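# Structure assessment
Letter by letter, the chains look like this.
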There are 2 protein chains.
Amino acid sequence: MAGDREVEILEAAIDVLRETGYDRLTFDAVATAARASKATLYRRWPHKRDLVIDAVGLFIDCPAEQDPDTGSLRGDLLAQACADGGLDDEVVIGTWGALLPVIHREPELARGIHERFLAPKIEATRTIFEHARERGEVGTDADLDTLLMILPSLSIHEALLSGRRPGPDRIAEFVDTVVLPACAATVAPAPSTR
Amino acid sequence: MAGDREVEILEAAIDVLRETGYDRLTFDAVATAARASKATLYRRWPHKRDLVIDAVGLFIDCPAEQDPDTGSLRGDLLAQACADGGLDDEVVIGTWGALLPVIHREPELARGIHERFLAPKIEATRTIFEHARERGEVGTDADLDTLLMILPSLSIHEALLSGRRPGPDRIAEFVDTVVLPACAATVAPAPSTR
């Protein structure tokens, strides 16, 4: 299959996935959306899991995975979230919302999604937090893996609840009122409230 | 239908929901799990949406919705999360994980789940944060609705990713490293890191 045609089919798969969820996604629906034959799809992807894993592979190398390097953690996080492929990208957040509840049910799906989608995103975000640590915005002993999950957790949870992407203002609010205070606390702990 | 029998069927519905997700939940599966006839189920619940809304109604009045009143925000949040019906309750987090990605697709389901499940949980958590505000652990102008979503967002996101409940230690980590710093920042803002 020519590369462009394959991308069209994978984009159709993403559309169907966002609309119906993984469990209700069928080759029939993807074939219709892509104006392809089901036989063509089955030849390339034996199981819908394979189709979905390749489809999320489309999000690799998106702008949100480049290091924005704005000079501040706040700037970097907002630039990343608001770039194509970031947390405020309706396609990405819809896809992730459709996959999140099913991935732990199928180990092979989980592994594929992790490799093709999650790992690159986490790595790009980790780089941002490592730069913040070098600048002293995050403490040397801070648990970066927890800190880097705050913004995706809040954004995705709210998006799933509302059915809408959070929007840049709400993302900035999450950064200012939750992420940055959590980071600041790893540098100079705030007075204990316990 | 006698009350006890109805509860048995609703509990079976929760089991099926957690295992298969909402889209794949069928009256057949619930009838089998509850050793009931499909006709019995259809008489009481015309649509699976009604069955699921009544099923999550089982979580009302659970211990996690009582005001724990331990004297600190940290104590209250941990007591609530670790009580039956709280964020570390495998049944609740599994149910919520199964519903979160579908609720915005069906307005009637969304309304029912909000009334029977979300609203009571949010109200109970809001009370905890209002008490924290009275004690000065949270600033008078703080956005409680954002603060109260931090712990559920982190816990549920991690549970969906891993397929496991977070566990009391991880919940305490979220409270100590994210929730309390965000609250402290509303009282005496930490030095700006921008």
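Going by the annotation in an unreviewed UniProt entry, the name recorded for chain A is TetR family transcriptional regulator, with Terrabacter aerolatus given as the source organism.

Before going further, it helps to spend a moment on helix H8 (residues 144-162) of chain A. All names here are of chain A. The terminal C-alpha atoms of H8 lie 28 Å apart, and with 19 residues this matches the ideal 27 Å at 1.5 Å per residue to within 8%. Its axis deflected by about 30 degrees at Ile150, H8 carries its strongest bend there, up to four residues before the proline Pro152. The buried fraction of H8 amounts to 15 of the 19 residues, a majority that puts the element mostly inside the structure. The positive-phi residue at the C-terminal boundary of H8 is Gly163, with phi of around 80 degrees.

Here we come to the environment of Thr32 of chain B. Topologically, Thr32 of chain B is positioned in helix H2 (residues 27-34). Sequence separation of Thr32 of chain B and Arg105 of chain B is 73 residues, and the distance between their C-alpha atoms is 27 Å.

Further remarks concern the domain arrangement of chain A. Residues and elements named next belong to chain A. Domain annotation of chain A identifies domain 1 (3-56) and domain 2 (60-187). Each side of the interface is counted separately: domain 1 has 12 residues, and domain 2 has 16 residues. Buried area between domain 1 and domain 2, both sides added, is near 1,200 Å², and the carbon and sulfur share of it is 63%. Connecting domain 1 to domain 2 are 4 salt bridges. As a salt-bridge pair, Asp54 and Arg116 come within 3.2 Å of each other at their nearest N and O atoms. Our count for the contact surface shared by domain 1 and domain 2 stands at 3 residue pairs in polar contact (both at pLDDT 80 or more). Only helix H1 (3-20) and helix H4 (48-56) provide two or more residues apiece to the side of domain 1 that touches domain 2. Top contributing element to the side of domain 1 that touches domain 2 by residue count: H4, with 5 residues. Split by residue class, the side of domain 1 that touches domain 2 holds 6 nonpolar, 2 polar and 4 charged.

Turning to the confidence of the model for chain A, a few remarks are in order. Residues of chain A with pLDDT of at least 70 account for 96%, and the chain-wide mean is 90. Mean pLDDT across the secondary structure elements of chain A bottoms out at helix H6 (residues 90-99) of chain A, with 86, and peaks at helix H9 (residues 168-187) of chain A, with 97.

On to unusual backbone geometry, then. Located in the positive-phi region is Arg35 of chain A, a residue other than glycine, with phi close to 50 degrees. With a phi close to 50 degrees, Asp69 of chain B is a non-glycine residue in the positive phi region. Position of Asp69 of chain B among the secondary structure elements: in the loop between helix H4 (48-56) and helix H5 (73-82).

Counting 125 residues, the largest nonpolar core has Ile113 and Phe129 of chain A together with Ile113 and Phe129 of chain B as its most contacted members. Setting aside its immediate chain neighbours within four residues, Ile113 of chain B contacts Val52, Ile53, Val56, Trp96, Leu99, Ile103 and Leu118 of chain B.

The transformation that overlays chain A on chain B combines an axial shift of 0.0 Å with a rotation of 180 degrees, and the residual RMSD is 0.0 Å. Such values leave the two copies arranged in the relation of a two-fold axis. Interface overlap between copies: 98% of the residues of chain A at the interface are likewise at the interface in chain B, consistent with a symmetric, same-surface contact.

Attention now moves to the packing of aromatic side chains. Residue and element names in this part refer to chain A. For the coordinates displayed, the defined rule picks out 4 aromatic pairs over all chains. Seen in terms of ring centroids, Phe27 and Tyr42 are 4.2 Å apart; in terms of plane orientation they differ by 25 degrees. Their pairing is stacked. A residue pair is termed long-range when its members are at least 10 positions apart, and Phe27 in helix H2 (residues 27-34) and Tyr42 in helix H3 (residues 38-44) qualify at 15 residues. You can call Phe27 buried: its relative accessible area is 7%. On the basis of relative accessibility, which here comes to 39%, the residue Tyr42 falls in the partly exposed class. Lying over the aromatic face of Tyr22, Lys48 brings its terminal NZ or CZ to 4.7 Å of the ring centre.

Turning our attention to the interface of chain A and chain B. Chain A puts 42 residues into the contact, and the matching count from chain B is 41 residues. Both sides of the chain A and chain B interface together cover about 3,500 Å² of buried area, and 67% of this is carbon and sulfur. Joining chain A to chain B, the criterion identifies 2 salt bridges. Arg24 of chain A serves as the salt-bridge partner of Asp23 of chain B, at 3.7 Å between the closest nitrogen and oxygen. At the level of secondary structure, the elements contributing two or more residues to the side of chain A that touches chain B comprise H1, H6, H8 and H9 of chain A. A total of 11 residues in the side of chain A that touches chain B trace back to one element, the largest contributor, which is H9 of chain A. When the residues that make up the side of chain A that touches chain B are grouped by side-chain class, the tally is 19 nonpolar, 12 polar and 11 charged.

What counts, and at which threshold
- Residues numbered from 1 in each chain as written.
- Chains lettered and ligands numbered in written order.
- Predicted model: local features only at pLDDT ≥ 70, side-chain atom pairs only at ≥ 80, totals over all residues.
- Heavy atoms only, no water.
- Helix = DSSP H or I, 4+ residues; strand = E, 2+ residues; numbered from the N terminus.
- Expected span 1.5 Å × (residues − 1).
- Bend = angle between axes of the 7 residues up to and from the residue.
- Buried < 20%, exposed > 50% of the residue type's maximum accessible area, 1.4 Å probe, protein only.
- Domains from an automatic or database assignment.
- Contact = heavy atoms within 4.5 Å.
- Buried area = accessible area lost by both parts, 1.4 Å probe.
- Salt bridge = Lys/Arg side-chain N within 4 Å of Asp/Glu carboxyl O.
- Polar contact = N/O pair within 3.5 Å; in protein donor to acceptor, adjacent residues only side chain to side chain.
- Nonpolar A, V, L, I, M, F, W, Y, C, P; charged D, E, K, R; others polar.
- pLDDT = per-residue confidence, 0-100.
- Core = buried A, V, L, I, M, F, W, Y, C linked by side-chain atoms within 4.5 Å.
- Least-squares fit on C-alpha atoms with pLDDT ≥ 70 in both.
- Phe/Tyr/Trp six-rings, centres within 6.5 Å; stacked < 30°, edge-to-face > 60°.
- Lys NZ or Arg CZ within 6 Å of the ring centre and 35° of its normal.

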